[in-house]
Structure formats: structure tokens, C-alpha cells
Amino acid sequence: MTSLKGSHVLSVNQLDLDTLKEIFHVAKQMEPYAKRQKRTKVLEGAILANLFFEASTRTRVSFGTAFNLLGGSVRETVGMATSSLAKGESLFDTARMFASYSDVVAMRHPDSGSVAEFATGSSVPVINGGDGANEHPTQALLDLFTIEKELANNARQIDGMKIAMVGDLKHGRTVHSLSKLLCRYQNIEVTMISPKELAMPDYIIAELDNAGHKVTQTESLVDGLNDADIVYVTRIQEERFASQEEADQYRGQFRINKQIFTNHCQQKAVIMHPLPRDSRPQANELDNDLNEHPSLAVFRQADNGVLVRMALFAMTLGVEKQMSQYECPVNWHTNKA
Ligand code: NCD
């Protein structure tokens, strides 16, 4: 197992199976804090720099929430235009400074490799919140944590599962990181459903092949869904296309709704999506008519993001065994289940 204490978390490639298991073990221990059954002040006095140079809702807020739930404080900068990067400052200089202002950094940036470049100037741990079309390691961790939990309800496990990934597999960093993580497991059947032009990059298909998984690529949604245990839907990543028109031609090609689910998916298939789902009528990739369906795991998945990010903060700052020592009661009324 690799210790995360003091380390950057830049790519899923750093995470072996034992490390994944440890992250999930710590994430499970975070549940009572996330549910406000008790509090911990273990990171009181620590500061997270939450730097988001590209659009985000869930990832940014859940990083901040996770840090606050551990008792720490959050300083944030949002958008490129309002930061000194717009004045030509290098990522290295920015990092050098934030390393003195804060104890850990979470960062998202539109360019592949940018977060790793930033990390070269940082003496404090840097966690990649998404670098262009490259990677999104914390999302992959929360996705895998969710898959494990959801499959366990049906007495299944990740080894031997069947997963279908749907949509923009070329630009989707979540499916890139998730596919790489699946290589730590055994005997998985992966069906990649996308237009040919938006297919999963060849090097990732090769990694899955080398891990002994069975990979099928198809342009047919209904064929691909067939016997999947997990259906992982993605958005057309319009911000990565040269023009809006180019992105528009793929919008709405693959739609999952109640009728498609009932007719083409296994009854117990689990529907996932990193969110945001594109709910505009021309896209509507995951229909609202599934909102009350027990198979729709997308909000449970987003909730798990807080647990996994709490675990990563606790482990990179080396306090994962000290949480209960700094416990205190919750003073306010809460309706959280
Ligand atoms: C994803 C992302 O930013 O890559 N969102 C997220 O972090 N939950 C997926 C997307 O934007 O489509």
C-alpha cells in the first residue's frame, strides 16, 4: 500500500488495490460526520485552498464541505478571469504561494497536465479536481466506492461485474480515470457505447485489455445496455469541442429513460452519472422520469463524494486515525437520515 500522507493525488495511476481499499475503509468511517450524527475538529486550524479555474458545482462544494466537516477552513478562488493566471502568472508561482497560505490544495483547470505542473511548485499536497480531458481521480474514487456499495446490495462485487459506459468517452475525464481504476480488479466486462468519433482513447482500451478485461465497443445503445450491472452515463463535453455546432450533432443521441431502462436493462442495473446531466430537451441524456426509480444512484453517488474527499484529506494530512479523539456533539436540529 502507498501512504498518501504528504502526497499529491494527481492520477489514479498512483493508487494500488490496497490503497483503494484503505481509502474506502476511511470513507466509510466518515459517514456519521457527514450525516451530522457527530462532529470532529481534527483539522481545526488547517486551511484548504480550493482553486477552481473551470466550471464546477459538486466537486468544488464537496471538497469544501468535506474539509469543513473535518473542522478545517476553506479559501477559494473561482474562474480564470478573476485570478492572476489571467495576468500571465505561471502555475508554479501560484503554487509556491498557495503552499504557504494553506495546508492542502484542491484544484481544477481546463488543461491536461496543469494540476501536475502546479504540484511541482507546491510543498503541500495537491489534489486533482479535474485537469482538462485527462483525469478526475477523486470522481473515479467516488464512482468506484459507489459501484462497490450498490453492487453489495445485490450480493455482487466489482470483480466479475459488467459495466456499460455511455456517451462522450473521448473527452470524459471521469470515464478515463474510472477505466484506469478498473484495471486493479479482475474479470470485468466493459461495454463502451459512443459515436465512433467520441470513442474511448485506444490507450485506455489497451490498458483494460492488458488487465484481462473483456472490452466491447458499440454505437448501439440498446445492444450495449443488455446485461450491464452498472450503466454509467456521461454528458457530451461541449467545452472540449472546437465549436458548439460540432458538439450539438452528438447531443441527444443516447438517451436513457424509464422505457429504455425497462425494455433493455437488467431489472437491478444501477444507473450512474458523474453529473451534471444535460437536461436540456435537445440532450436529455438521463430523463427525469427515472428520478424516483430505485436504480437511479446518481444522487447517492454525489453524496459519496463528500465521504471520499473527507478520506483523502484525512489521509493526505495524516489524521485518519485521530478523528474520534477530536469529537464533539452536533448542537443544531438536523433532518439528515
Ligand atoms: C464531471 C467533470 O467535471 O468532469 N463532473 C463532475 O466533476 N462531477 C463530468 C462532467 O462535467 O460532465
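## Points about the sheet that holds strand β5 (residues 126-131)
Thought 1: Taken together, four strands build an open sheet; the order of strands is β3-β2-β4-β5 and the sheet is parallel. Edge positions in the sheet fall to β3 (73-78) and β5, since each of these pairs with one other strand and no more. Averaged over all neighbouring strand pairs, the angle between strand axes comes to 10 degrees, with direction disregarded.
Thought 2: When strand β2 (residues 47-52) meets β3, the two strands line up parallel, connected through six bridges. If you follow Asn-50 over to β3, its bridge partner there is Glu-76.

## Topic: the site of the ligand
Thought 1: Around the ligand, the neighbouring residues are Thr-59, Arg-108, His-136, Gln-139, Arg-173, Thr-174, Arg-235, Gln-237, Pro-274, Leu-275 and Pro-276.
Thought 2: For the ligand, the accessible surface in isolation is 320 Å², of which the surrounding protein chains cover 93%.
Thought 3: Split by residue class, the shell around the ligand holds three nonpolar, five polar and three charged.

## Points about the domain arrangement of the protein
Thought 1: Once the domains are mapped, the protein shows domain 1 (12-135 + 305-328) and domain 2 (137-299).
Thought 2: Relative to domain 2, the C-alpha centre of domain 1 lies at a distance of 26 Å.
Thought 3: With 30 residues of domain 1 at the interface, the matching set in domain 2 holds 22 residues.
Thought 4: Both faces combined, the contact of domain 1 with domain 2 buries some 2,300 Å², and carbon together with sulfur accounts for 61% of it.
Thought 5: Broken down residue by residue, the surface that domain 1 buries against domain 2 is led by Val-12, Phe-24 and Arg-58, which jointly contribute 26%.
Thought 6: Linking domain 1 with domain 2 are four salt bridges, by the criterion used here.

## Considering the sheet that holds strand β6 (residues 162-166)
Each strand in a sheet pairs with its neighbour through backbone hydrogen bonds, running either in the same direction (parallel) or in the opposite one (antiparallel).
Thought 1: Spatial ordering of the open sheet is given by β8-β7-β6-β9-β10, a layout of five strands whose pairing is parallel. Of all the strands in the sheet, the pair left with one neighbour each is β8 (214-218) and β10 (270-272). Direction aside, the axes of adjacent strands within the sheet are offset by 15 degrees on average.
Thought 2: Relative to β8, strand β7 (residues 189-193) is paired through five bridges, and the arrangement is parallel.

## Thoughts on the packing of aromatic side chains
Thought 1: Summed over all chains, the structure comprises six aromatic pairs.
Thought 2: Aromatic side chains Phe-67 and Phe-313 sit 5.0 Å apart centroid to centroid with 80 degrees between the ring planes, which places their arrangement in the edge-to-face category. Linking Phe-67 in helix α3 (residues 58-69) with Phe-313 in helix α12 (residues 298-316), this pair joins segments that are 246 residues apart in sequence. Phe-313 matches Phe-67 in its accessibility class, with the two residues each being buried.
Thought 3: When the centroid spacing of 6.0 Å and the interplanar angle of 35 degrees are considered together, the rings of Phe-241 and Tyr-250 count as tilted.
Thought 4: The class for Phe-241 is buried, based on a relative accessible area of 9%.
Thought 5: You can call Tyr-250 buried: its relative accessible area is 8%.

## Thoughts on the pattern of salt bridges
Thought 1: According to the stated counting rule, one finds 17 salt bridges in the structure shown.
Thought 2: Its salt-bridge partner being Asp-229, residue Arg-156 comes within 2.9 Å of it at the nearest N-O pair. Of this pair, Arg-156 sits in the loop between α6 (137-152) and β6 while Asp-229 sits in the loop between α9 (221-225) and β9 (230-233), and the two are 73 residues apart along the sequence.
Thought 3: When its relative accessible area of 33% is taken as the criterion, Arg-156 is described as partly exposed.
Thought 4: Residue classification places Asp-229 among the buried positions, given a relative accessible area of 7%.
Thought 5: A network of salt bridges, in which partner residues are shared, links Glu-238, Asp-248, Arg-251, Asp-278 and Arg-280.

## What to know about the nonpolar core
Thought 1: Within the largest apolar cluster, 67 residues are counted, with the highest numbers of intra-cluster contacts made by Ile-163 and Met-165.
Thought 2: It is α12 that contributes the most residues to this core, nine residues altogether.
Thought 3: Two domains share this core, each providing at least three of its residues, namely domain 1 (12-135 + 305-328) and domain 2 (137-299).
Thought 4: Sequence-distant contacts of Met-165, that is, excluding residues within four places in its chain, are made with Val-175, Leu-178, Ser-179, Leu-182, Val-190, Thr-191, Met-192, Ile-193, Met-200 and Tyr-232.
Thought 5: Ranked by size, the runner-up nonpolar core spans 20 residues in total, among them Leu-221, Val-231, Ala-269 and Ile-271.

## Topic: the packing of helix α7 (residues 173-182) against helix α8 (residues 202-210)
Thought 1: Between α7 and α8, whose axes approach to 9 Å, the crossing angle comes to 20 degrees. Considering their axes alone, α7 and α8 lie roughly parallel with respect to each other. The hand of the α7/α8 crossing is left-handed. Contacts between α7 and α8 involve His-176, Ser-179, Lys-180 and Leu-182 from the former and Tyr-203, Ile-204, Glu-207 and Leu-208 from the latter.
Thought 2: Considering only residue class, the contact of α7 with α8 consists of four nonpolar, two polar and two charged.

## Looking at α8
Thought 1: Of all the residues in α8, the buried ones are Ile-204, Ile-205 and Leu-208. Each buried residue of α8 lies within a common arc of 105 degrees when the element is viewed along its axis, so the set occupies one face. Along α8, the residues that are exposed and aim more than 90 degrees away from the buried face are Asp-202 and Asn-210.
Thought 2: Where the residues of α8 are buried, they touch α7, β7 and β8.
Thought 3: Immediately beyond the C-terminal end of α8, within one or two residues, lies Gly-212, with a positive phi of roughly 90 degrees.

The rules we used
- Residues numbered from 1 in each chain as written.
- Predicted model: local features only at pLDDT ≥ 70, side-chain atom pairs only at ≥ 80, totals over all residues.
- Heavy atoms only, no water.
- Pairing = 2+ DSSP bridges.
- Helix = DSSP H or I, 4+ residues; strand = E, 2+ residues; numbered from the N terminus.
- Axes fitted to C-alpha atoms, helices over the stretch in contact; angles between N-to-C directions.
- Near = heavy atom within 4 Å.
- Areas by Shrake-Rupley, 256 points an atom, 1.4 Å probe, with all protein chains shown as cover.
- Nonpolar A, V, L, I, M, F, W, Y, C, P; charged D, E, K, R; others polar.
- Domains from an automatic or database assignment.
- Contact = heavy atoms within 4.5 Å.
- Buried area = accessible area lost by both parts, 1.4 Å probe.
- Salt bridge = Lys/Arg side-chain N within 4 Å of Asp/Glu carboxyl O.
- Phe/Tyr/Trp six-rings, centres within 6.5 Å; stacked < 30°, edge-to-face > 60°.
- Buried < 20%, exposed > 50% of the residue type's maximum accessible area, 1.4 Å probe, protein only.
- Core = buried A, V, L, I, M, F, W, Y, C linked by side-chain atoms within 4.5 Å.
- Parallel < 35°, antiparallel > 145°, perpendicular 65-115°, else oblique.
- Left-handed = near helix turned anticlockwise from the far one by under 90°.
- Arc of directions from axis to C-beta.

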